[in-house]
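Chains, contacts and geometry: an overview
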Amino acid sequence: MSRLSVMRWHKPIVTPSLSLLAVLGCIILAVMGYHLAFLFFSLFSMLVLGVPIAVSLAGSCLLFVLITGQVPNVVIAHRMINGIDSFPLLAIPFFIFAGSLMNNAGITERIFNFAKALMGWMRGGLGHVNVGASIVFSGMSGAAVADAGGLGMIEVKAMKDAGYDEEFAVGITAASSTIGPIIPPSLPMVIYGVMASASVGQLFAAGLIPGLLMGAMLMLMIFLISRRRGYQRDTVFSFSVLGRTFAQAFLSLLTPVIIVGGIISGAFTPTEAAVAAVFYALLLGVVVYRTLTWRKLLRVSMETIETTAVILFIVSAASIFAWILTSNQVTQNVIALLGPFADSKVAVLMMTNIVLIIVGCFMETIAAITILVPVLLPLAMAVGVDPVHFGVIMVLNLMIGLLTPPVGMVLYVLSRVANVSFERCMRGTIPFLIPLVFCLLLVTFIPAISMWLPTLIYR
């Protein structure tokens, strides 16, 4: 996530005349008594006018409460406080802090060097290294943008220096960064677990195999593209180099083992694992590698505070929105509206995927989860979809959305990091959307891919 991107006032994407029509539309819907339509229309109007997502959510809900008069205004504040009064949400600032510490402690470069020694001998070697490094780093950060911003700079520069096409380098870097929130730990999974009242531990376990599958699919696409374009091997495999880089990265590689292994074994809750990750990152950066200065620690701490505040503001505002939808039986009405399709699991999952991919093109991940879970999850559960399985489907859809315009957060980050135009970033990413979408379909319609591990561990 760009640190404060979801809280900045953006440039409106409509003309002044359309803005006026949006305001008039809200007034007409309120006067005619179409209160739920007013809620959605006012939210959409605020978003297209450039209002930050958290303010749009809270503002539209406050207007709804004022117009309907169903409950006292103080309920807004009460619901916002209750929305973030959750122990699992404590994992968010600690995972953000841990990921930032690792990015600033030189850990990413050690991981990249080890991945290069391990996988650089294959055709299109640095492309495979890119994916392998992202898989390892995904067990530390839990955020796609952290991967793109941290490893991305190293990966793109190394691939460009080795003679790879710039668009190919940026495209695979963007695609591989989406693995971060699928393999545990995962910030979107934590948010989903809170909104859906699902086990965060089970969600983390459910994302492990789909994340590895994403990596395998991307590597297959890299092989095919490299064969067509004539990319060769970048290094000769050497046990001595592999051993040396492994020794240098060993303590860094223990981080995902501590986090994921601790959660799956039951030694840690996800929140406790996040705290352990912070302590371990501090140990490496301050004591072992001695790359973290007080200035860096202060900067990372302030970034973590700001990012956490933004996320919690969105969650608290979305909790009001979810409460209004639930109390007005919106989900039941949606199910009734779908009619015969509501009884078909395949149809519901296909429609859900389409909705999520479209929403992911326009909305930031955390905001999309908090808004859509109250609407889509009951619909999915009505046709027999497990909430944990649905969580993996939702997060994977929204990760693909990070690679698509007009929002395309990962593309914007890499465009800045690699000094490549947004359009070229987008063109380079298009081929890698194919394996990601194929992986999404497999995870959607073969529940065992995501459910086998949590069933084995927890049930």
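Predicted, not measured: the structure shown is a model, and the values here were computed from it.

Quick look at the overall build of the protein now. In terms of helices and strands, the protein carries 21 helices and zero strands. Scored against the burial criterion, the 459 residues of the protein give a buried share of 54%. Taking as baseline every contact in the protein between residues at least 6 positions apart, the subset at least 24 positions apart corresponds to 79%. Looking at the protein as shown, the accessible area adds up to about 19000 Å², and 70% of this sits on carbon and sulfur atoms.

For helix H10 (residues 187-196), a buried count of 10 out of 10 residues is recorded, marking the element as mostly surrounded by other parts of the structure. For H10, the set of buried residues is Leu187, Pro188, Met189, Val190, Ile191, Tyr192, Gly193, Val194, Met195 and Ala196. Tucked inside the fold, the buried residues of H10 contact helix H5 (91-104), helix H11 (200-229), helix H14 (294-327), helix H17 (365-382) and helix H18 (387-401). The opening residue of H10, the one whose side-chain oxygen lies 3.2 Å from the backbone nitrogen of Met189, is Ser186. Ser197 sits one or two positions beyond H10 and adopts a positive phi of about 55 degrees.

Here we come to the confidence of the model for the protein. Summary statistics for the protein give a mean pLDDT of 81 and a share of 88% for residues scoring 70 or more. Within the protein, no element has a lower average pLDDT than helix H15 (residues 330-338), which sits at 66, and none a higher one than H18, at 93. This model gives residues 1-5 a pLDDT under 50, and the stretch forms 18 contacts once residues within four places in sequence are excluded.

Following the criterion strictly, the structure yields five salt bridges and no others. Among the ionic pairs, Lys160 bridges to Glu166, the shortest N-O distance being 3.0 Å. Between Glu167 and Arg427 there is a salt bridge, and its shortest N-O distance comes to 3.0 Å. Of this pair, Glu167 sits in helix H9 (residues 166-177) while Arg427 sits in helix H20 (residues 422-445), and the two are 260 residues apart along the sequence. With a relative accessible area of 45%, Arg427 lands in the partly exposed category. Three or more residues are tied together by salt bridges with common partners; here these are Lys160, Glu166, Glu167, Arg424 and Arg427.

This part is about the nonpolar core. Residues Ile191, Tyr192, Met394 and Phe432 are the most contacted members of the largest nonpolar core, which totals 136 residues. Of all the elements, H14 adds the most residues to this core, at 13 residues. Among the nonpolar cores identified, the runner-up in size contains five residues, and Phe114, Ala117, Ala249 and Leu253 belong to it.

Attention now moves to the packing of aromatic side chains. The description of an aromatic ring pair uses the distance of the two centres, along with the angle that the planes make with each other. Taken as a whole and assessed by the stated rule, the structure comprises eight aromatic pairs. A centroid spacing of 5.6 Å and a plane angle of 50 degrees characterise the contact between Phe114 and Phe246, whose relative ring orientation is tilted. In this pair, Phe114 sits in helix H6 (residues 107-119) while Phe246 sits in helix H12 (residues 239-265), placing the two residues 132 residues apart along the sequence. On the accessibility criterion, Phe246 (36% relative accessible area) is partly exposed. Taking 4.9 Å as the distance between ring centres and 85 degrees as the angle between the ring planes, the aromatic pair formed by Phe237 and Phe239 counts as edge-to-face. Phe237 sits in the partly exposed class, given a relative accessible area of 33%. One aromatic cluster is present, formed by Tyr164, Phe168, Tyr231 and Phe432 through successive ring pairs. A cation over an aromatic ring shows up here: Arg110 above the ring of Tyr289, its NZ or CZ 3.7 Å from the ring centre.

Moving on to a nonpolar patch on the surface. Side chains of Leu20, Leu21, Leu24, Ile27, Ile28, Met32 and Tyr34 sit close together on the surface and give an oily, nonpolar patch of about 720 Å² of accessible area. For Met32, the position within the fold is in helix H1 (residues 16-32).

Attention shifts here to H6. Under the 1.5 Å per step criterion, the end-to-end length of H6 is 18 Å for 13 residues, consistent within 8% with the ideal 18 Å. Residues of H6 that are buried include every one of Ile107, Thr108, Ile111, Phe112, Phe114, Ala115, Ala117 and Met119, and no others.

The subject of this paragraph is unusual backbone geometry. Put simply, Pro184 and Pro185 share a cis peptide bond, and its omega is 0 degrees. On the secondary structure map, Pro185 appears in the loop between H9 and H10. Although it is not a glycine, Arg290 sits at a positive phi angle of roughly 55 degrees. Structurally, the position occupied by Arg290 is in the loop between helix H13 (270-288) and H14.

The rules behind each value
Residues numbered from 1 in each chain as written. Predicted model: local features only at pLDDT ≥ 70, side-chain atom pairs only at ≥ 80, totals over all residues. Heavy atoms only, no water. Helix = DSSP H or I, 4+ residues; strand = E, 2+ residues; numbered from the N terminus. Buried < 20%, exposed > 50% of the residue type's maximum accessible area, 1.4 Å probe, protein only. Contact = heavy atoms within 4.5 Å. Areas by Shrake-Rupley, 256 points an atom, 1.4 Å probe, with all protein chains shown as cover. Polar contact = N/O pair within 3.5 Å; in protein donor to acceptor, adjacent residues only side chain to side chain. pLDDT = per-residue confidence, 0-100. Salt bridge = Lys/Arg side-chain N within 4 Å of Asp/Glu carboxyl O. Core = buried A, V, L, I, M, F, W, Y, C linked by side-chain atoms within 4.5 Å. Phe/Tyr/Trp six-rings, centres within 6.5 Å; stacked < 30°, edge-to-face > 60°. Lys NZ or Arg CZ within 6 Å of the ring centre and 35° of its normal. Patch = residues over 30% accessible without salt bridge, like charges linked within 9 Å, V, L, I, M, F, W, Y side chains within 5 Å. Expected span 1.5 Å × (residues − 1).

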